[in-house]
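Chains, contacts and geometry: an overview
One-letter residues, chain by chain:
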Amino acid sequence: MKPRYWLVLAGLLALVLIITAGVFIYNRYVPAAGRWALFREIHTNRTLFEQYALEPGMHCGDAPFAFPTHGVILGLWQQSYRFGHTHSGLDIFSGTQPGVTPVYAAYPGYLSRLEDWRSTVIIRIPSDPLQPGRQIWTYYTHLANVDGESFVSEDFPPGTSEVYVEAGTFLGYMGNYSGDPGAPTGLHLHFSIVKDDGQGDFLNETRIHNTYDPSPYFNMKLDHTNNPREVPVCEDVMTFEDWELVGNNE
Ligand SMILES: [Zn+2]
């Protein structure tokens, strides 16, 4: 072949690669805009908030887990918030103020709080209700204010180890502590279901492959790859398009 053909071929290949990358990036990041478009509205429009808000203690259908707080789920499992990031849990927004909205245990188990945890508790579940015999963990975080003042219940001081709690036990209040004072996260509860390391300890929940898809535990569409736009609600999932159609986009 003449050099010119090689150039044309290389150009076409580059074009295909650019288009493929563009489609990949679009699918991965942009569709969540449908759900995130509600972010500001749920904080300012209480009627709209209540339309999507789930109630604490609610079981969706035959879901084993009870919903842990009062709020709207905007951050899903496997969602990317920024390049290279994959979200390992659920982010539930209450639209209130730090230290106001209670958080409860979704399922019974044995609660621990490490000595240096200001805003976090973890609950060991010896037998996964969906896979009996398998040990799993439920992780609740951001239960502190921007300065790191803890909102975790006084029943669970730092160093708490293996205290049995029933589903519905009060764990603390929703906050906005990120671990870095001065760089608060938006007010929300981060909840994740964490894998056991096989030695009776929990794995690092910030890594997506150390966590489970919460969808079957709550009986809702909570995996971002299967639900890139909709706000998850129980049974009847209202889409962002529906939300616009009912006139809430003014
Ligand atoms: Zn989160």
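Our subject is the structure listed above.
In every chain, residue numbers begin from 1 and rise along the written sequence. Restriction of local features to residues with pLDDT of at least 70 applies here, the model being predicted, together with a cutoff of 80 or more for giving and counting side-chain atom pairs; totals for whole chains, interfaces and linings are based on all residues. The side-chain values count all of the structure's non-hydrogen atoms but skip hydrogen atoms and water molecules.

**A look at the state of the cysteines**
What counts as a disulfide here is a pair of cysteine sulfur atoms lying within 2.5 Å. Under the defined criterion, the tally for this structure stands at one disulfide. Bridging Cys-60 to Cys-234, the disulfide has an S-S length of 2.1 Å. For the disulfide bridge between Cys-60 and Cys-234, the dihedral angle about the S-S bond is near 95 degrees, and by the sign convention the bridge is right-handed. Taken together, the residues Cys-60 in the loop between helix 4 (46–52) and strand 1 (72–75) and Cys-234 in the loop between helix 5 (215–218) and helix 6 (240–245) connect sequence positions 174 residues apart. Helical segments are the DSSP runs of H or I of at least four residues, strand segments are the runs of E of at least two, and each set is numbered from the N terminus.

**Quick word on the side chain of His-190**
In this fold, His-190 is placed in strand 9 (residues 189–195). Distance and chemistry together define a polar contact, namely a pair of N or O atoms within 3.5 Å, with one atom able to donate a hydrogen and the other to accept it when in protein, and with adjacent residues in sequence counting only for side-chain atoms on both sides. Within polar-contact distance, the side chain of His-190 engages the side chain of His-87 at 3.1 Å. For His-190, the residues in contact, after removing those within four places along its chain, are His-87, Ser-88, Gly-89, Leu-90, Asp-91, Tyr-139, Tyr-140, Thr-141, His-142 and Glu-205. Note on contacts: a residue pair is in contact if any heavy atoms of the two residues lie within 4.5 Å.

**What to know about the layout of surface pockets**
The way it works is a 1 Å grid over only the protein atoms, where trapped points that fit a 1.4 Å probe form a cavity and open points with protein on both sides within 12 Å along at least five of seven lines form a pocket, and then any residue with an atom within 4 Å of a point lines it. Grid points are joined across faces, edges and corners, and a volume is the space filled by probe spheres set on the points. Each pocket or cavity is described by its volume, and for the largest pocket that value is around 600 Å³. Taken together, 26 residues make up the lining of the largest pocket; nearest its centre are Thr-141, His-142, Ser-178, Glu-205 and Thr-206. Of the residues that constitute the lining of the largest pocket, the class distribution is six nonpolar, 15 polar and five charged. The residue classification treats Ala, Val, Leu, Ile, Met, Phe, Trp, Tyr, Cys and Pro as nonpolar and Asp, Glu, Lys and Arg as charged. All others, Gly included, are polar.

**Observations regarding the coordination of the zinc ion**
Note on the zinc ion: its protein donors are His-87 (NE2), Asp-91 (OD), Asp-91 (OD) and His-190 (ND1). The metal-donor distances range over 2.0 to 2.8 Å. In this structure, the zinc ion is surrounded by four donor atoms whose angles at the metal cover 51 to 156 degrees, and the resulting shape is irregular. A donor here means any N, O or S atom no more than 2.8 Å from the metal (3.2 Å for Na, K and Ca); water is not included, so a site may seem to lack partners. Ordering the donors of the zinc ion by residue number gives the pattern H-x3-D-x98-H. Remark: His-190 occurs in strand 9 and Asp-91 occurs in strand 2 (residues 90–93); sequence separation between them is 99 residues. The residues Asp-91 and His-190 share a single accessibility class, namely buried. Think of it this way: with four donors and all angles in the 85 to 135 degree range, the site is tetrahedral; with four or six donors, opposite ones beyond 155 degrees and the rest between 65 and 115, it is square planar or octahedral; otherwise it is irregular. Summary of the burial criterion: residues with accessible area below 20% of their type's maximum are buried, those above 50% are exposed, and those between are partly exposed, where the area comes from a 1.4 Å probe applied to protein chains only.

**Some details on a nonpolar patch on the surface**
What makes a patch is a set of residues exposed beyond 30% relative accessible area and free of salt bridges, joined within 9 Å when like-charged and within 5 Å when nonpolar (Val, Leu, Ile, Met, Phe, Trp, Tyr). Residue-level accessible areas treat just the shown protein chains as cover; the underlying method is Shrake-Rupley with a 1.4 Å probe. Criterion for a salt bridge: a side-chain nitrogen of Lys or Arg within 4 Å of a carboxyl oxygen of Asp or Glu. Together, Val-8, Leu-12, Leu-15, Ile-19 and Val-23 give the surface a local cluster of nonpolar side chains, amounting to about 460 Å² of exposed area. Tracing the backbone shows Leu-15 in helix 1 (residues 3–29).

**What to know about the environment of Trp-137**
The residue Trp-137 is located in strand 6 (residues 136–141) in this model. Distance from Trp-137 to Ile-193, taken between C-alpha atoms, is 5.7 Å for residues 56 residues apart in sequence. Not counting residues up to four positions away in its chain, the partners in contact with Trp-137 are Ile-122, Ile-123, Arg-124, Ser-192, Ile-193, Val-194, Lys-195, Asp-196, Gly-200, Asp-201 and Phe-202. Within the structure, the side chain of Trp-137 is placed 2.9 Å from the side chain of Asp-196, a separation counted as a polar contact.

**Some thoughts on the pattern of salt bridges**
Across all of its chains, the model carries three salt bridges by this definition. Where Arg-124 meets Glu-162, a salt bridge forms, and the shortest distance between an N and an O atom there is 2.7 Å. Within this pair, whereas Arg-124 is found in strand 5 (residues 121–125), its partner Glu-162 is found in the loop between strand 6 and strand 7 (163–165), the two being separated by 38 residues in sequence. Its salt-bridge partner being Lys-221, residue Glu-230 comes within 3.4 Å of it at the nearest N-O pair.

**Some words on the sheet that holds strand 1**
Only strands joined by at least two bridges in the DSSP assignment are considered to pair. The strand order across the open sheet formed by seven strands is 1-2-9-6-5-4-7, and the pairing between neighbours is antiparallel. Sheet topology places strand 1 and strand 7 at the edges, where each strand pairs with a single neighbour. Neighbour-to-neighbour, the strand axes of the sheet open up by a mean angle of 30 degrees, direction not taken into account. Inspection of the sheet shows strand 5 paired to strand 6 by five bridges, in the antiparallel sense. Residue pairing across strands places Ile-123 opposite Thr-138, the latter belonging to strand 6. Helix axes use the C-alpha atoms of the stretch in contact, all axes being lines fitted to C-alpha atoms, and the angles between their N-to-C directions lie in the range 0 to 180 degrees.

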